[in-house]
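# Topology and contacts: notes
As a plain string of letters, each chain reads:
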Amino acid sequence: MKQLKSIKIKKICMISMFSALSAIISVVDKILTSFIFPLIPMIKLGMSNIIIMIYIYKKNFQETIYLVILKSIIIGLFYGSIITFIISIIASIGSYIVMYIIYKISKTDINIIILSVLGGIVHILIQLLVIKFIYKISYEILLYGYYLFIISTITSIIVGLISKKIIKMQNKHILDI
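Quick notes on the rules
- Residues numbered from 1 in each chain as written.
- Predicted model: local features only at pLDDT ≥ 70, side-chain atom pairs only at ≥ 80, totals over all residues.
- Heavy atoms only, no water.
- Core = buried A, V, L, I, M, F, W, Y, C linked by side-chain atoms within 4.5 Å.
- Buried < 20%, exposed > 50% of the residue type's maximum accessible area, 1.4 Å probe, protein only.
- Helix = DSSP H or I, 4+ residues; strand = E, 2+ residues; numbered from the N terminus.
- Contact = heavy atoms within 4.5 Å.
- Patch = residues over 30% accessible without salt bridge, like charges linked within 9 Å, V, L, I, M, F, W, Y side chains within 5 Å.
- Areas by Shrake-Rupley, 256 points an atom, 1.4 Å probe, with all protein chains shown as cover.
- Salt bridge = Lys/Arg side-chain N within 4 Å of Asp/Glu carboxyl O.
- Phe/Tyr/Trp six-rings, centres within 6.5 Å; stacked < 30°, edge-to-face > 60°.

### Considering the nonpolar core
Counting 27 residues, the largest nonpolar core has Met 53, Tyr 55, Ile 56, Tyr 57, Leu 67 and Leu 115 as its most contacted members. Contributions of two or more residues to this core are made by helix 1 (2-36), helix 2 (49-58), helix 3 (61-79), helix 4 (82-105), helix 5 (112-135) and helix 6 (141-171). Contacts of Ile 56, omitting those with residues within four sequence positions, involve Thr 64, Tyr 96, Met 99, Tyr 103 and Leu 115. Counting 6 residues, the second largest nonpolar core, distinct from the first, contains Ala 91, Val 122, Ile 126 and Val 130.

Structural data, given as structure tokens:
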């Protein structure tokens, strides 16, 4: 019983630590993105999703969904807008569930880069649909999404490559996650 409690505490600590790390990466990401793409609002490179990708491949559904939700809450507190939080958490949970289902259906054989790109595209699509619903904007908002999809695809490939490298390091016991 005591050992089971110790395992649960370790899982909670790991989820908390990686949620905080993901949130810190997200803040740095937002600052960098404002310099790289100053004329495109609502865009981030998505580097904090490296943590999510690693969790998809290394942890179970429950631990990863807790990480996704906790990260969204922390980032929501940083940026302060309830609307931004709603848009972010719905898109984050939605894209995670899609990635998880694809990962499980593929029997874990799907390339992490492809999964990252699919997650990025689903995330943007859900964000645009939620924005359309909240603000009652016409479907022209999806045209803006064209630019977001292009940038998201490029950054999702980078996220996938970095995640793949970290997982390889972890498999070789260079890095313990």
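### Re a nonpolar patch on the surface
Nonpolar side chains collect at one region of the surface, where Ile 24, Val 28, Ile 31, Leu 32, Phe 35 and Ile 36 lie side by side and expose about 610 Å² of accessible area between them. In this structure Ile 24 comes out as exposed when scored by relative accessible area, which is 52%.

### Some words on the side chain of Ser 26
Note that Ser 26 resides in helix 1. The class of Ser 26 is buried, set by a relative accessible area of 0%. The residues touching Ser 26, leaving out its near neighbours within four places in the chain, are Lys 44, Ser 48, Ile 75 and Tyr 79.

### Concerning the packing of aromatic side chains
Each aromatic ring pair is specified by the distance between its two centres and by the angle formed by the two planes. This model, assessed by the stated rule, comprises 6 aromatic pairs. Seen in terms of ring centroids, Tyr 96 and Tyr 100 are 5.9 Å apart; in terms of plane orientation they differ by 45 degrees. Their pairing is tilted. Taken as a pair, Tyr 96 and Tyr 100 lie in helix 4 at a separation of 4 residues, close to a single helical turn. The residues Tyr 96 and Tyr 100 share a single accessibility class, namely buried. Taken together through their ring pairs, the aromatic side chains of Phe 61, Tyr 96 and Tyr 100 make up a single cluster.

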